[in-house]
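As a plain string of letters, each chain reads:
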Amino acid sequence: MTAQRPSLATQVSRAVLWNALFAPLRLLTEVIATLVKLNQLSQAGFGLLALVRGASNLFGTALDLGIARALPKYIPETERAGGMRAARRLFLMVATIQLAILLVIAVGLALAHRQIEAYLQGLLGGEVTVEAAARAELSQFVAEFHWLIIAAIVILLGLGALYDLLMAVLSSFFRQKAWNSIALAAGLLPQVLVVVAILALPDRWDILGVLVAMVVAPAIAVALAGWQVWRLQAGIAHESGSSVWTDVRDGLRDLRQALPNGFVRYAAVSYLMTATDFIASFEFVNFFNSDIRDVSLLAAGALLVRMALSYLYTPLVGVQVPLFTRVRQGEGGTTNGAYQSLVRLQLLLMIPGGVGLILLAAPGLLVISPQYLDAAPIVWVLTPCLFSESILTTAHNALMVNERLRVVIAARLIALLTVVALAWWLPLQFGLIGMALTFGLARVAAGLWVTVAGMRLLGLRWPGRFTLRVSAATAVMGVVVTGLRAFIVLPAGTVDLMSRLGIALQLVMLAGIGALVFLLTLRLLGGLDPADRAHVLKWRLPLQGVIRRLL
């Protein structure tokens, strides 16, 4: 006899808690590893690794087929209807399908190895006056080890697909503690091993060491996830039945009966979401750059914006979908009330945070790595695009929970069409800035579509007055920060470590002053809405008395 499972509300609450606890640590490791890569690798080396990761995500998107997003919905349904053996059969079937696709991709990459080598050599042979020695060394590496690069991509594809499947199983049964522990390891291990490879190996072998680290880390994560899934299956009432090979053989005989009703349709919608999300990203756009330096600059600028956005979004990790779900189930509140609370919190974080990032991007990049100072304009154009998208897509989550899939599909197609339309003009007119705007504006267009649709279909209302208050307070903050920024003296020549630390200290102080000015101005303009103020004051935060006075 098995133990009774916790209620749905209890499982969701635990999931949100573990997400919120682990998110900052994952972000911290990514920041540290990115800093090491930007400072210790040449721009050509960083660009090559960005392309390898981008290629892995490109083919991983093709391999996914929307299965990873569909399994958390259909594994519990299948297990309730047919028992654990039926759930296992579903898992084995989709794993077999993905393995077959992986073999096709591997053969295709092997046959195109000469074209891949020529593409990489073309990127390295562009602007030879910049990092000429590093480019020559990397060109020799590509000539000798392009087979290893292809093998790394294929192995990453296989491990990534298996990892997603295993983690989907854990998520399906709300094993969020195990899920987040493994996700933390999967986030920590690549960063730690990459940092070790960069710092410990000679310059000639650092790229090779990073490639090995990129493969070893997910292999460990897959082993951990597999062990947890094995324990999960053992913990649920065991059913006698056929072997693994029998389940696969019977499933392949009739795929329609092996897959649950609606699985293909749901996976197709999920696949559209995954594919369009990748197409509207810097990783995809980077394949159209003609020089490795442009690849590294676009990647560096986009990663800086993404890390800042991830940090500001941390309070909302794992909150939106469970909140909309519980409201829909009648556990209290309204969809519009939940939507407005989430949007107000994001406005409070994103508007001043985005403006601060834009104002301090240039000196910030000088502190992070002087060789990436030219990436500042990319940060300037991507910050309003990606920060706006984060707020606008709150309506997307509400629509998904309420199963308005046609609207979501339309939004994804709009993003795809926007990328295609802008890609013919913006990069030609504005170079790297145009490439950044191509995928940034595509994301904004999709976000605007779902927001308008949410207002029409779900009765969502934008918190206009609060938006004006936050915008006005941010404007005052921006004027103060701009004025004080003029007192930061940036060295004209080579920037040594002590100069960078001095600039960093000044930027931290300036950011603190800006945040204080924003909060004081917001309070004078009316502050938070009463309901939001009451919620914040219930949180157990440090300096509770100071926060109470500010609010």
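A brief structural summary. (Residues numbered from 1 in each chain as written. Predicted model: local features only at pLDDT ≥ 70, side-chain atom pairs only at ≥ 80, totals over all residues. Heavy atoms only, no water.)

## Focus: the overall build of the protein
Rules: Strands here mean DSSP runs of E at least two residues long; helices mean DSSP runs of H or I at least four residues long; both are numbered from the N terminus. Relative accessibility thresholds used throughout: buried, under 20% of the residue-type maximum; exposed, over 50%; partly exposed, between the two (1.4 Å probe, protein chains only). Pairs of residues are marked as contacts when any of their non-hydrogen atoms sit within 4.5 Å. Every accessible area reported is derived by Shrake-Rupley at a probe size of 1.4 Å, with residue values counting cover from the shown protein chains alone.
Along its length, the protein carries 24 helices and zero strands. Residue burial in the protein is summarised as follows: out of 551 residues, 47% are buried. Taking the intrachain contacts of the protein between residues at least 6 apart in sequence as the baseline, contacts between residues at least 24 apart amount to 81%. In the form shown here, the protein has an accessible surface area of approximately 26300 Å², with 67% of it arising from carbon and sulfur atoms.

## Comments concerning helix α18 (residues 405-423)
The following threshold applies: Working rule for helices: expected span equals 1.5 Å times residues minus one.
Between the first and last C-alpha of α18 there are 27 Å, a value that for 19 residues agrees with the 27 Å anticipated at 1.5 Å per step. Turning to α18, its buried residues are Leu405, Val407, Val408, Ala411, Arg412, Ala415, Thr418, Val419 and Leu422. Looking at the buried positions of α18, the neighbouring elements they touch are α11 (263-279), α17 (394-401), α19 (426-430) and α20 (432-457).

## Observations concerning the packing of aromatic side chains
The cut-off we apply is this: Side-chain rings of Phe, Tyr and Trp (the six-membered ring for Trp) are treated as a pair once their centres are within 6.5 Å; stacked means planes under 30 degrees apart, edge-to-face means over 60, and tilted covers the remaining angles.
Applying the stated criterion to the full structure yields five aromatic pairs. Judged by centre distance (5.8 Å) and plane angle (75°), the rings of Phe46 and Tyr372 are edge-to-face. Of this pair, Phe46 sits in helix α2 (residues 43-64) while Tyr372 sits in the loop between α15 (335-368) and α16 (376-392), placing them 326 residues apart in sequence. Here the aromatic rings of Phe278 and Phe284 are separated by 6.0 Å at their centres, their planes lie at 70°, and the arrangement is edge-to-face. Residue class for Phe284 comes out partly exposed when judged on its relative accessible area of 21%. A connected cluster of aromatic rings, assembled from ring pairs, spans Phe278, Phe284 and Phe288.

## Quick notes on the environment of Asp206
Structurally, the position occupied by Asp206 is in helix α8 (residues 206-235). According to the relative accessible area criterion, Asp206 is buried, its value standing at 7%. As for Asp206 and Gly45, which are separated by 161 residues in sequence, their C-alpha atoms are 9.0 Å apart. Those residues in contact with Asp206, other than ones at most four positions away along the chain, are Leu41, Ala197, Ile198 and Leu201.

## Considerations on a nonpolar patch on the surface
We count it as follows: What goes into a patch is any residue over 30% in relative accessible area without a salt bridge, connected to like charges within 9 Å or, for nonpolar side chains (Val, Leu, Ile, Met, Phe, Trp, Tyr), within 5 Å. Any Lys or Arg side-chain nitrogen found within 4 Å of a carboxyl oxygen on Asp or Glu counts as a salt bridge.
A surface patch of nonpolar side chains, about 280 Å² in accessible area, is lined by Val212, Val216, Ile220 and Leu224. With respect to the secondary-structure elements, Val216 resides in helix α8.

## A word on the pattern of salt bridges
Counted by the stated rule, this structure contains five salt bridges. Between Asp291 and Arg135 there is a salt bridge, with the nearest N and O atoms lying 2.8 Å from each other. Residue Asp291 is located in the loop between α12 (282-285) and α13 (292-313), and its partner Arg135 is located in helix α6 (residues 132-172); the two are separated by 156 residues in the primary sequence. Residue classification places Arg135 among the buried positions, given a relative accessible area of 4%.

## Focus on the packing of α18 against α20
So the rule is basically this: A fitted line through C-alpha atoms serves as each axis, taken over the contacting stretch for helices, and the angle formed by two N-to-C directions is quoted from 0 to 180°. Roughly parallel covers angles under 35 degrees, roughly antiparallel covers those over 145, roughly perpendicular covers 65 to 115, and oblique covers all other angles. In a left-handed crossing the near helix is turned counterclockwise from the far helix by less than a right angle, and in a right-handed crossing that turn is clockwise.
Running from N to C, α18 and α20 cross one another at 155°; their axes reach a closest spacing of 8 Å. By the angle between their axes, α18 is roughly antiparallel relative to α20. Remark: the crossing between α18 and α20 carries right-handed chirality. Counting all contacts with α18, which are made through Val407, Ala410, Ala411, Ile414, Ala415, Thr418, Val419, Leu422 and Ala423, the residues of α20 involved are Leu437, Thr438, Phe439, Leu441, Ala442, Ala445, Ala446, Trp449, Val450, Ala453 and Leu457.

## Remarks on the side chain of Arg443
Heads up, the condition is: By the criterion applied in these results, polar contacts are pairs of N or O atoms within 3.5 Å in which, for protein atoms, one can donate a hydrogen and the other can accept it, and in which residues neighboring in sequence qualify only through two side-chain atoms.
By the secondary structure assignment, Arg443 is in helix α20. Residue classification places Arg443 among the buried positions, given a relative accessible area of 14%. A distance of 2.5 Å separates a polar atom in the side chain of Arg443 from the backbone oxygen of Ala280. The contacts of Arg443, once residues within four sequence positions are left out, are Asp277, Ala280, Ser281, Leu386 and Glu389.

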